[in-house]
Amino acid sequence: MLLTRLQTARTDNYTYYLVYFFMYLAAVDVEGLTPDFLVGAVEQVQPQLWSQLLKNVVVPQLSKMLPKDRKVVIVGLTKLLIQSNIMFSDPSISQWPGLFSELAGLFTQSKHLQSAQSTAAEDPDEVLRSLDFEEQGAGYQAAYSKLAASESIPVDPVASITDIRAFVGEKLSEAVSRDPRIHGLIESSTVGPTGTVTSGFIQNLVSSGYQL
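Residues numbered from 1 in each chain as written. Predicted model: local features only at pLDDT ≥ 70, side-chain atom pairs only at ≥ 80, totals over all residues. Heavy atoms only, no water.

**Digging into the overall build of the protein**
Part 1 of the argument: The secondary structure content of the protein amounts to 11 helices and zero strands.
Part 2 of the argument: Element order for the protein, N to C, with α for helix and β for strand: α-α-α-α-α-α-α-α-α-α-α.
Part 3 of the argument: Contacts in the protein between residues far apart in sequence, at least 24 positions, make up 74% of those at least 6 positions apart.
Part 4 of the argument: Accessible area of the protein: about 10300 Å², with a carbon and sulfur share of 52%. (Helix = DSSP H or I, 4+ residues; strand = E, 2+ residues; numbered from the N terminus. Contact = heavy atoms within 4.5 Å. Areas by Shrake-Rupley, 256 points an atom, 1.4 Å probe, with all protein chains shown as cover.)

**Here's the deal with the pattern of salt bridges**
Part 1 of the argument: A complete count under the given rule lists four salt bridges for this structure.
Part 2 of the argument: K71 is the salt-bridge partner of D156, the closest N and O atoms lying 2.8 Å from each other. Remark: K71 occurs in helix α5 (residues 67–83) and D156 occurs in the loop between α8 (140–149) and α9 (164–178); sequence separation between them is 85 residues. K71 matches D156 in its accessibility class, with the two residues each being buried.
Part 3 of the argument: A salt bridge links R181 to D179; the shortest N-O distance between them is 2.7 Å.
Part 4 of the argument: According to the relative accessible area criterion, D179 is buried, its value standing at 15%. (Salt bridge = Lys/Arg side-chain N within 4 Å of Asp/Glu carboxyl O. Buried < 20%, exposed > 50% of the residue type's maximum accessible area, 1.4 Å probe, protein only.)

**Focus: the side chain of S92**
Part 1 of the argument: In this structure, S92 sits in the loop between α5 and α6 (96–109).
Part 2 of the argument: Under the relative-accessibility criterion, S92 is labelled buried at 2%.
Part 3 of the argument: Apart from residues no more than four positions distant in its own chain, S92 is found in contact with W50, S51, I86 and M87.

**A closer look at the side chain of D36**
Part 1 of the argument: Here D36 shows up in helix α3 (residues 35–45).
Part 2 of the argument: Among the polar contacts made by the side chain of D36, one reaches the main-chain amide nitrogen of N85 at a distance of 2.8 Å.
Part 3 of the argument: Apart from the residues lying within four places of it in its own chain, the contact partners of D36 are Q83, S84, N85 and I86. (Polar contact = N/O pair within 3.5 Å; in protein donor to acceptor, adjacent residues only side chain to side chain.)

**Some words on the confidence of the model for the protein**
Part 1 of the argument: Mean pLDDT for the protein: 81, with 77% of residues reaching 70 or above.
Part 2 of the argument: Here residues 112–138 is a poorly scored stretch, pLDDT under 50, and it has 54 contacts once near neighbours within four places are set aside; other chains count. (pLDDT = per-residue confidence, 0-100.)

**A short note on the environment of I161**
Part 1 of the argument: Looking at the element boundaries, I161 is found in the loop between α8 and α9.
Part 2 of the argument: It is 9.3 Å that separates the C-alpha atoms of I161 and K71, two residues lying 90 residues apart in sequence.
Part 3 of the argument: Among residues more than four places away in sequence, those in contact with I161 are K71, V75 and F167.

**Comments concerning the packing of aromatic side chains**
Part 1 of the argument: With the rule as written, the count across this model stands at seven aromatic pairs.
Part 2 of the argument: The interplanar angle of 65 degrees and the centroid separation of 6.2 Å between the aromatic rings of Y20 and Y24 together place this pair among those described as edge-to-face. Pair noted here: Y20 and Y24 are both in helix α2 (residues 12–27), with a separation of four residues, about one helical turn.
Part 3 of the argument: You can call Y20 buried: its relative accessible area is 1%. (Phe/Tyr/Trp six-rings, centres within 6.5 Å; stacked < 30°, edge-to-face > 60°.)

**Here's the deal with α6**
Part 1 of the argument: When the terminal C-alpha atoms of α6 are compared, their 20 Å separation across 14 residues agrees well with the 20 Å that a helix rising 1.5 Å per residue should span.
Part 2 of the argument: Burial in α6 covers these residues: W96, P97, L99, F100, S101, E102, L103, A104, G105, L106 and F107.
Part 3 of the argument: For α6, the elements touching its buried residues are α4 (49–62), α5, α9, α10 (181–188) and α11 (195–207). (Expected span 1.5 Å × (residues − 1).)

**A closer look at the environment of S207**
Part 1 of the argument: Positionally, S207 belongs in helix α11.
Part 2 of the argument: A polar atom in the side chain of S207 sits 2.7 Å from the backbone oxygen of N204.

**Regarding unusual backbone geometry**
Part 1 of the argument: Cis geometry is adopted by the peptide bond preceding P91, which originates at D90 and carries an omega value of 0 degrees.
Part 2 of the argument: Looking at the secondary structure, you find P91 in the loop between α5 and α6.
Part 3 of the argument: Its identity is not glycine, yet Q48 carries a phi of approximately 70 degrees, on the positive side.
Part 4 of the argument: Mapped onto the fold, Q48 is located in the loop between α3 and α4.

Here you go:
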């Protein structure tokens, strides 16, 4: 299993693509594949394991995401933060502010977020690795192996999202109006070493008319 290898034979490359794989699953629009499907699958392995993975694996990797991967990661992270019911229950909710800070940091790193196609066209050495959901019968291990090890035709898994900043602003604004807890969690993310970056990100969205 993916998590077994994470414990027994972890490498930097494996950890990077495992986190990207998680964000990919949360980002893509596939019927039945929701953020809570991902989180629930991890929790079935061991209760409260998702919170541990967030703290020890996911959060440390997010700032390392390459430009070619950031659009998918931002979409997946946004959906995870606002669509997962498990993320609003203990102990996962304790990781919410840190994840939001990482989301803000990804925007700071990405002045011009491009689609996977345009990035690949400019730099053929940086291409997205694909995940074929039609091969799910082979299991997630095979799907992840394909994601991490095989080159494929460059594809943008979230091509329908053309303005990533507007997507995040709209989704966060909708979520805040729907669930007042999110406003408090956003506010708590401005405390700490990354508070300045997070505050700037929030102010930028608010100045554009998004209600946070």
